[in-house]
Amino acid sequence: MNNIRLSSCERRPAPRIKHVPLTGWLRHKYLRTPRMLREIIEKCDVDPCIGALPPQLLARLNPDDITLVTMRFREALQDFLVDNGRALRTENKNRVFDLPEVGAMFGSGCQIYYRGTMGPDGDMAWRGAFGIVCKLSFPDIRCDYALKVFYSDNVSGYGRHGPWYEIPTAFAACNAEPHHNNPVYMASLFHNMYMLSAWGGDDNDGWIRRNRYELFYTRPREVSERNYRNGCRIDWGDTSPTAYASVSYRGRKLYRKIDNAWRRGGLDALKQIIATKHPLIGQRDYADGLRLFYYQYYEFLPPETNAVLKEALDRCR
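What counts and what doesn't
Here the residue numbers are simple positions, counted from 1 along each chain's written sequence. Totals for whole chains, interfaces and linings use every residue, but because this is a predicted model, local features are given only for residues with pLDDT of at least 70 and side-chain atom pairs only at 80 or more, for both listing and counting. Side-chain calculation: all heavy atoms of the structure are included, whereas hydrogens and water are not. The helix and strand labels rest on DSSP assignments: H or I over at least four residues marks a helix, E over at least two residues marks a strand, and numbering proceeds from the N terminus. We take the radius of gyration over the C-alpha atoms and set the globule estimate at 2.2 Å times the residue count to the 0.38 power. Residue burial is assigned from relative accessible area. The probe radius is 1.4 Å, only protein chains are included, and a residue is buried under 20% of its type maximum, exposed over 50%, and partly exposed in between. Whether two residues touch is decided by their heavy atoms; if any such pair falls within 4.5 Å, the residues are in contact. Pairing between strands requires that DSSP locate at least two bridges from one strand to the other. To define axes, lines are fitted to C-alpha atoms, for helices over the stretch in contact only, and angles between the resulting N-to-C directions are given on a 0 to 180 degree scale. Stacked, edge-to-face and tilted labels apply to pairs of Phe, Tyr and Trp rings (six-membered ring for Trp) whose centres lie within 6.5 Å, assigned for plane angles under 30 degrees, over 60, and everything in between, in that order. Per-residue confidence from the predictor is given as pLDDT, running between 0 and 100. Definition used for salt bridges: Asp or Glu carboxyl oxygen within 4 Å of a side-chain nitrogen of Lys or Arg. By this rule the span expected of a helix is its residue count minus one, scaled by 1.5 Å.

Q: Explain the overall build of the chain here, please?
A: A tally of helices and strands in the chain yields 10 helices and 11 strands. In summary, the chain has a C-alpha radius of gyration of 25 Å against a globular reference of 20 Å for 317 residues, an excess of more than 25%. Burial analysis of the chain (317 residues in total) assigns 45% to the buried set. For the chain, the proportion of contacts with a sequence separation of at least 24, taken over those separated by at least 6, is 61%.

Set out below in structure tokens:
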């Protein structure tokens, strides 16, 4: 009887795909719709709690205790929101909540400050259309954090707002542009959804940092002082990647060279950049950087400049 001979791939069982940690994945992937994230949570074996303790709190723990304390910290926040979530969402008065069990984890007192009264200009700076912000304070170690509690977990009714959109966008934007976004440390997509980030200040400071080569773009209706602190974005509603972000690193580098050359030297400088060989930039990256500049500015450039760019693009095909 002839023996059946199996190939190496047939002899070994197919390897099972392991789920990557959701935190790392969200930092490097942008989700276009909240339903994409909802499906991941429902169908994959991933933890709906994202991120880690802030570095100032981590520094006060022994390395062997970090996992346990992080779990207890998350549980304490969820218990607090279960007990006080309704009051935070509805009361129109200022309150202070003591959390001694949370403070004891880090050798400090711990309070949560809630501002529910109207400000002098008639608005509520700590309350938005989709959530409220509290200040989580550890006064003995001089650490303050912003705890944003969302009103609802509706996954489809808010467009580019709400926890299912803002939380993953915040992690992606902070990883891509750390100097233009307020640091986000921790979030939960389970039950009472929240996001924990650095505290930027009690009131608006009037500073909005501008970035010509931004990777994430906020629609003009959301670009206001209430959504920025110290020049950094603190609210990620109506925020999404730019066309510039879709180009590779080397393509973006060429785009910046072309943009700076045009602004400083005009057509002659532009021709010089295009004629120069770029050994570290591949043909595809070169075409992407050139195409991005052309389609972004062709309506505003002189005809002779557009002709030079169009000719260079045609040579890339």
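The structure having been displayed, the exposition proceeds.
Q: Would you mind showing me how to read the sheet that holds strand β5 (residues 143–150) here?
A: Within the open sheet, the seven strands sit side by side as β1-β6-β7-β5-β4-β3-β2. Their pairing is antiparallel. This sheet does not close on itself; its edge strands, each paired only once, are β1 (49–51) and β2 (95–98). Within the sheet, the average angular offset between the axes of one strand and its neighbour, ignoring direction, is 20°. Along the sheet, helix α7 (residues 163–176) makes contact with β1, β5, β6 (184–188) and β7 (194–198), crossing β6 at roughly 155°.

Q: Explain the packing of aromatic side chains here, please?
A: Two numbers describe a pair of aromatic rings. These are the distance of the centres and the angle of the planes. This model, assessed by the stated rule, comprises 16 aromatic pairs. Note on Tyr145 and Tyr185: the rings are 6.0 Å apart at their centroids and 85° apart in plane angle, and the pair reads as edge-to-face. Residue Tyr145 is found in strand β5, and its partner Tyr185 is found in strand β6; the two are separated by 40 residues along the sequence. Side by side, Tyr145 and Tyr185 carry an identical accessibility label, which is buried. The interplanar angle of 85° and the centroid separation of 6.1 Å between the aromatic rings of Tyr213 and Tyr255 together place this pair among those described as edge-to-face.

Q: Explain the confidence of the model for the chain here, please?
A: Atomic detail in the predicted coordinates should be set aside for any region of low pLDDT. Scored by pLDDT, the chain comes out at a mean of 87, with 91% of its residues at no less than 70. In the model, residues 6–11 has pLDDT below 50 throughout and makes one contact with residues more than four positions away in sequence or in other chains.

Q: Hey, could you run me through the pairing of β5 in this one?
A: Consecutive side chains along a regular strand alternate between the two faces of the sheet. Among the eight residues that make up β5, seven are buried, leaving the element largely enclosed by the rest of the structure. Looking at chain direction, strand β4 (residues 131–138) and β5 are connected through eight bridges and run antiparallel. Following the sheet pairing, Val133 is matched in β5 by Lys148. Linking β4 back to β5 in an antiparallel pair, the connection comprises four residues, with Arg142 at a positive phi of about 55°. Relative to β7, β5 is paired through five bridges, and the arrangement is antiparallel. Bridge pairing links Lys148 to Met195 in β7.

Q: How do you make sense of the pattern of salt bridges when you look at a structure like this?
A: As a working rule, side chains carrying opposite charge can pair if their charged atoms are close by. Scanning all chains against the criterion turns up 12 salt bridges. Between Arg226 and Glu222 there is a salt bridge; the shortest N-O distance is 3.7 Å. The salt bridge involving Arg263 is made with Asp259; its shortest N-O contact spans 3.0 Å. Residue Arg263 and its partner Asp259 are both found in helix α8 (residues 249–275); the two are separated by four residues, about one turn of the helix.

Q: It is not clear to me how unusual backbone geometry should be interpreted in this structure. Could you clarify?
A: The phi torsion of most residues other than glycine is negative, and most of the peptide bonds are trans. With a phi angle near 55°, Asn230 is a residue other than glycine that sits in the positive phi range. You can see Asn230 is positioned in the loop between β9 (228–229) and β10 (232–233). Note on Asn230: relative accessible area 40%, which makes it partly exposed. Even without being glycine, Asp238 reaches a positive phi, approximately 55°. One can find Asp238 in the loop between β10 and β11 (239–241).

Q: Would you mind showing me how to read α7 here?
A: Because the α-helix completes a turn every 3.6 residues, residues three or four places apart line up on one side. Between its first and last C-alpha atoms α7 spans 20 Å; for 14 residues at 1.5 Å apiece the expected length is 20 Å, and the two agree. Most of α7 sits inside the fold, with 12 of its 14 residues counted as buried. Along α7, the residues that are buried comprise Pro163, Trp164, Tyr165, Glu166, Ile167, Pro168, Thr169, Ala170, Phe171, Ala172, Ala173 and Cys174.

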